[in-house]
Amino acid sequence: MASHAANLWVLLGLGLAGILLMTKRLKKTIKADFGAFIQKLELLPPPQHAPPKAPHPLTGLNFAVSDVYDIEGYVTGFGHPDWVRTHEASSCTSPVVLTLVEGGATCVGKTVVDELAYSIHGENKHYSTRTNPAAPAYIPGGSSSGAAVAVAANFVDFSLGIDTLGGVRVPAAFCGVIGFRPSYGVVSHTGIIPVSSSLDTVGLFAKDPNILHRVGLVLLQLPFSDKRNPKQILLADDCFQLLKIPMDRVLQVVINSTEKHIGRQVLKHANLENYFSSKVPSLKEFYSQKINGDSKFSSIRLLANVAQFLQRYEFKCTHKEWINSEKPGLDSSVSAQINETLDMTDKEIEICKSIRNEMCLAVNSLLKDDGLLVIPTTAYPTLKLGSKEIFSEDYQNCMFSLLSIASISGCCQVTLPLGYHDKCPVSVSFIARHGGDRFLLDSVQTMYSYLQEHADTVAKSKLSRNAVNQEHSAEVAKEKGNQAYKDKQWQKAVGFYTEAIKLSGNNATYYGNRAAAYLELGSFVQAEADCTKAINLDKKNVKAYLRRGTAREMLGCYKEAIEDFRYALVLEPTNKRAALSAERLRKVFQ
């Protein structure tokens, strides 16, 4: 009995010791600032203007900057203690930081970056890994990991990072905050340690879209202009195929919120693989130079290769002297990339420059002044701490295929959180043309609350994944039909529209489009039937009334045709086609 009691006390003692040990480990693991800050400081804004002048635009906001921005009197650390040891304190502050302070914001500290700001994982053996406030057991993403964590944990209102190949977009996605990569070259890089001069941009984190908008306007020094709603929202179907979570979890949120608050008519579908293959001819030349393969290649994956080649080449050109002289201790993954032998010929460098120029023109042509391209921010959700999957070829290919689109084109991109899937943050990205930063910021401010509302609805919805995927597949079939119609392949277009109808039979647009193809084939009975079905589904479908009127005219049903054209005029009084057709038939047959 005594022996049993003694054993019980021993077990109880061991249990308490274990609890105390675990508590100590947790305290060491999760720091008070989540490991976000490398240096606390304070840069105060100037005094407020005397009334009646308006206060500074950023009054009351505080922010942090990644440890690649110079601040007078402090050594810029670049994510490595050897860099700190071998460099002097900065003699002046980065103009970007000064602009924000002079705008009324208070800078409260510098945040940790990945080693030499090079990776996208958020792990740095010299300063420990930042704790991801949105998912503590998962990596926060990098390179500007500390800046993202500081915003996600509500330590600051906004923060500055650097985005080369995802350095702001990835941690924003993994930590569940907004991340903004401005158009290349629109914000000064003075006083910022470069990673890759042709890819680097200043980046911005925030939780509140209104704060993002306020800071963005000051950062970009943009004048006032009227807000514009997007006139086209292009869904990159092939990019969503790369997602490792159910794509409806992201895609359906965008579709639902757009249909309800802007209108279905602005939604379009795009295949970037085909588009870039035709619009960026230098990709094929780069492929033949570097890969030495056959004529088949993936344009999006090749973009990832180009971006990584450029990053390595420019990083080595800028920092090789320091690396060779100091031989800093680097993580094996960073070391392998930086020390990889790169023999870039002058011709290959010129090809890369051509690809950048062609990509910028291609994306600008696709989106024009009022379009948004929708892609997943990252193919993979955030991974568990210590995961080896981040080194896999598929992870690297899929992640950089998406991230390289904005990096190579120089266009602006914003990452927006959409709640959680399997306890990990989910996000989506919008891209606007180069120089379309104001339009993108305005669009985010307008659409953000709608996206959050529908993200909650989709997350809680019991709608089956098959039903959502069927609707998406129907849209893809419709877009194929539209392309066949443009190419005057009428019978092929009918086939694609029929496929769309089989997948989603209650969409008026599919019937109306098939009717247009039937008219071109002279199949007027089928065209009339399709238009009638479209009208039954959507009583305000002007195109269906016009096409049915045309079909009825060709079938000799002139009175009914006149009624269709007149009703189209009721719905759309300025429609010239309806007015001319109704008047022509009235003169002849009435």
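Scroll up for the structure.
Attention in this report is confined to the structure presented alongside it.

Scoring rules and cut-offs
Residues numbered from 1 in each chain as written. Predicted model: local features only at pLDDT ≥ 70, side-chain atom pairs only at ≥ 80, totals over all residues. Heavy atoms only, no water. Disulfide = S-S within 2.5 Å. Buried < 20%, exposed > 50% of the residue type's maximum accessible area, 1.4 Å probe, protein only. 1 Å grid on protein atoms, 1.4 Å probe; cavity = no way out; pocket = protein on both sides within 12 Å on 5 of 7 lines; lining within 4 Å. Points joined across faces, edges and corners; volume = space filled by probe spheres on them. Helix = DSSP H or I, 4+ residues; strand = E, 2+ residues; numbered from the N terminus. Pairing = 2+ DSSP bridges. Axes fitted to C-alpha atoms, helices over the stretch in contact; angles between N-to-C directions.

### Structural notes on the state of the cysteines
Within the structure shown, the criterion is met by zero disulfides. Note on C398: no disulfide assigned, nearest cysteine sulfur contributed by C239 at a separation of 11 Å. A relative accessible area of 1% means that C398 is categorised as buried.

### So, the layout of surface pockets
Estimates place the volume of the largest pocket at around 1,600 Å³. As for the largest pocket, its lining consists of 47 residues, of which L267, K268, K478, E479 and N482 are closest to the centre. Of all the secondary structure elements, the ones that give two or more residues to the lining of the largest pocket are β7 (232-236), α7 (237-240), α8 (248-261), β8 (267-270), α9 (272-279), α16 (465-486), α18 (508-521) and α20 (542-554). Per-element tally for the lining of the largest pocket: the top contributor is α16, with 12 residues.

### Quick notes on empty space enclosed by the protein
Enumeration according to the criterion identifies three cavities of 30 Å³ or more in this entry. Residue lining of the largest cavity: 14 residues in total, with Y118, S119, I120, Q311 and F400 positioned closest to the centre. A volume near 100 Å³ is recorded for the second largest cavity. Considering the residues around the second largest cavity, the lining is formed by 13 residues, among which T378, Y380, P381, P425 and S427 are closest to the centre. At the level of elements, α5 (169-175) and β11 (424-432) are the ones that each hand at least two residues to the lining of the second largest cavity.

### Re the sheet that holds strand β10 (residues 412-421)
Here 11 strands make up an open sheet; going across it, the order is β1-β3-β2-β4-β6-β5-β10-β11-β9-β7-β8 and the pairing mixed. Every interior strand has two partners, whereas the edge strands, β1 (37-43) and β8, have only one. Across the sheet, the axes of successive neighbouring strands diverge by a mean angle of 25°, strand direction being ignored. As paired strands, β7 and strand β9 (residues 371-375) are joined by four bridges and run parallel to one another. Its bridge partner being in β9, I233 is matched across the sheet by L372.

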